[in-house]
Number of protein chains: 2
Amino acid sequence: MCPPRFIESIQSPEISRRNLLKFGLGAAVAAVAAPLTAEAATATRASFRNVADLTHLLGTQFPLFPGAAPFQITPVVFHERDGYYGSILNYWEHSGTHMDAPVHFAPNGLFVDQIPVSSLVVPAVVINISERAARDPDTVVTPDDIRAWERRYGRIPNNAAVLMASGWGARAHSVELFRNTDSSGVMHFPGFGKDAIDFLLTERSISGIGVDTLSLDHGPSTTFAVHYTLLPTNRWGLENLANLESIPPSGATLVVGAPKIAAGSGGPSRVFALW
Amino acid sequence: MCPPRFIESIQSPEISRRNLLKFGLGAAVAAVAAPLTAEAATATRASFRNVADLTHLLGTQFPLFPGAAPFQITPVVFHERDGYYGSILNYWEHSGTHMDAPVHFAPNGLFVDQIPVSSLVVPAVVINISERAARDPDTVVTPDDIRAWERRYGRIPNNAAVLMASGWGARAHSVELFRNTDSSGVMHFPGFGKDAIDFLLTERSISGIGVDTLSLDHGPSTTFAVHYTLLPTNRWGLENLANLESIPPSGATLVVGAPKIAAGSGGPSRVFALW
């Protein structure tokens, strides 16, 4: 599927300078920032008649990565007293179904508001490892999983988001089940393996990856190798995705409603699949 | 354009009960909540090759409605000290390009997380009143504007989002220009007129409306008649949209990346147009 044409939004001169600065940092970065004009001229249409919501409900009960500040919503105006209702929100950026922007693990990476729109509306590739994850919660997506997907569905499209469906989304109602922490305090849930990321970064052209667990790295990780390998190349990560089993493994378009917050390192995102 | 088919996300029993309660409140509400199964069977495909970002950058400088608490982003982990970077966010829900959920002005209205996905991926109708707004900042969208749009582009599609393009998006870099407050403290910017909302609610079937200004009601409003007319019917509003002049008046699909926050009255949203 060829990517659609992107009408970039108006950016402030300050942001443009920041982008230029970042985009000058290396070849991998420059590739992400390359103008889409040429692709635009030959783009085919994407189409859909189905929409799925890949976003969990975010509230005070949603499982957070251990140590994160709690999610708070505090009503400050009220129907009876004020004639309308609304709240102040207070939360750690990496809560709920959310984006890890490149800068989250890369000092020179893009802030969330700098991720080009062309990397937020992209082909979705769903790699389902649910059966293995049910037996082994520490399992990871491997290069073999990716090759198996390609044998069935063809080469991963350029600019794709590669998404791990592990069945973990169904556990998100329970902090205990979602973290799956053992008696030593080690968490057990699936993620991407570093060699799968190496393969995707060197052999394919992707915009980002996504998981239905608390972290791009699997639960027992202490090195966060996937974060530190992926994000400095200015690809993004999505964590705590929902309903990945409900969308086709190939052919959907992912629409990532990431927050457009200045200097943000990511944040709660509304994510849809269209196909 | 027929609406696409929606795969609703898995909802907790609690949320389902809340939805059922709300959906029992009246005919207008019931219409919004009607199952989409019948439409799904005859849905045609929507397609696109262009994407535009209708979202302003949200930071500490973005113009707020007077009296709102300031937007705050506070870094709490740092690359050099912690090996990664991230912030705590603290803000009033109705900041930046954002959603007014029905409950914002209706005690029995839907919370933002309860708005069905079928109301968030919808046909976009853009009514451009920029020329008039340049002469008269207090101007409003009227039933005549809607009829003029329909004479040119055909009847407003069912489930559409009706969006006002007033040219005001280009002022969002300046609190002074965006609010346009006079020496008496009265703001002057365009919005929808109540009679246009009455027309849309009684004669057409819409999912919501959007404006490129600070409020669905125009600047001088003291009654917020548009808010109080629209939102209790469980339609939503979008405020502070960007780049509405860059999308076609007819034929685009609006994708509203509203936050999926429990008990939220709305919130910063990533909004794209696809066509």
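Quantities reported herein were computed from a predicted structural model and do not represent experimental measurements. (Residues numbered from 1 in each chain as written. Chains lettered and ligands numbered in written order. Predicted model: local features only at pLDDT ≥ 70, side-chain atom pairs only at ≥ 80, totals over all residues. Heavy atoms only, no water.)

Chemist: Just to check I follow, could you spell out the relation of the copies chain B and chain A for this structure?
Modeler: Two copies of a chain can be linked by a rotation about an axis combined with a shift along that same axis. Rotating chain B by 180 degrees about the axis while translating it 0.0 Å along that axis superimposes it on chain A, leaving an RMSD of 0.0 Å. Within this description, the copies of the chain are treated as partners about a two-fold rotation axis. Residue B:Ser47 of chain B places its C-alpha closer to the rotation axis than any other residue of that unit, at 1.9 Å. Looking at the interface residues of chain B, 100% of them are also at the interface in chain A, so both copies use one shared face. (Least-squares fit on C-alpha atoms with pLDDT ≥ 70 in both. Contact = heavy atoms within 4.5 Å.)

Chemist: In this structure, what is going on with the pairing of strand S9 (residues 160–165) of chain A? I would like to understand it.
Modeler: Moving residue by residue along a regular strand, the side chains alternate between the two faces of the sheet. Residues and elements named next belong to chain A. Counting buried positions along S9 yields six of six residues, so the element is predominantly enclosed. Of the two faces of S9, the one holding Ala 160, Val 162 and Met 164 and the one holding Ala 161, Leu 163 and Ala 165 are both buried throughout. Looking at chain direction, strand S7 (residues 121–128) and S9 are connected through five bridges and run parallel. Paired with Asn 128 across the two strands is Ala 165, which belongs to S9. Pairing analysis gives five bridges linking S9 to strand S11 (residues 206–211), with the strands arranged parallel. Residue pairing across strands places Ala 160 opposite Ile 206, the latter belonging to S11. (Buried < 20%, exposed > 50% of the residue type's maximum accessible area, 1.4 Å probe, protein only. Helix = DSSP H or I, 4+ residues; strand = E, 2+ residues; numbered from the N terminus. Pairing = 2+ DSSP bridges.)

Chemist: How do you make sense of the interface of chain B and chain A when you look at a structure like this?
Modeler: One frequent convention defines the size of an interface as the accessible area lost when the parts assemble. Residue-level contacts link 72 residues of chain B with 72 residues of chain A. With both sides pooled, the region where chain B packs onto chain A buries about 6,100 Å², and carbon together with sulfur makes up 61% of that total. Across the chain B-chain A interface, the total number found is two salt bridges. The tally of links from chain B across to chain A stands at 27 residue pairs in polar contact (both at pLDDT 80 or more). For the side of chain B that touches chain A, the elements supplying multiple residues, two or more each, are strand S1 (5–7), helix H3 (37–42), strand S2 (46–48), strand S3 (50–53), strand S4 (72–77), strand S5 (86–92), strand S13 (252–257) and strand S15 (270–274) of chain B. (Buried area = accessible area lost by both parts, 1.4 Å probe. Salt bridge = Lys/Arg side-chain N within 4 Å of Asp/Glu carboxyl O. Polar contact = N/O pair within 3.5 Å; in protein donor to acceptor, adjacent residues only side chain to side chain.)

Chemist: Honestly, the pattern of salt bridges in this entry has me stumped. Any pointers?
Modeler: A pair can form between side chains of opposite charge whenever their charged atoms are brought close. This structure, assessed with the given rule, holds 14 salt bridges over all chains. Residue A:Asp82 is joined to A:Arg81 by a salt bridge in which the shortest nitrogen-to-oxygen separation is 3.1 Å. What makes A:Asp82 partly exposed here is its relative accessible area of 29%. Here A:Arg81 falls in the exposed class, since its relative accessible area comes to 59%. Linked by salt bridges that have partners in common, A:Asp53, A:Arg270 and B:Lys260 make up one network.

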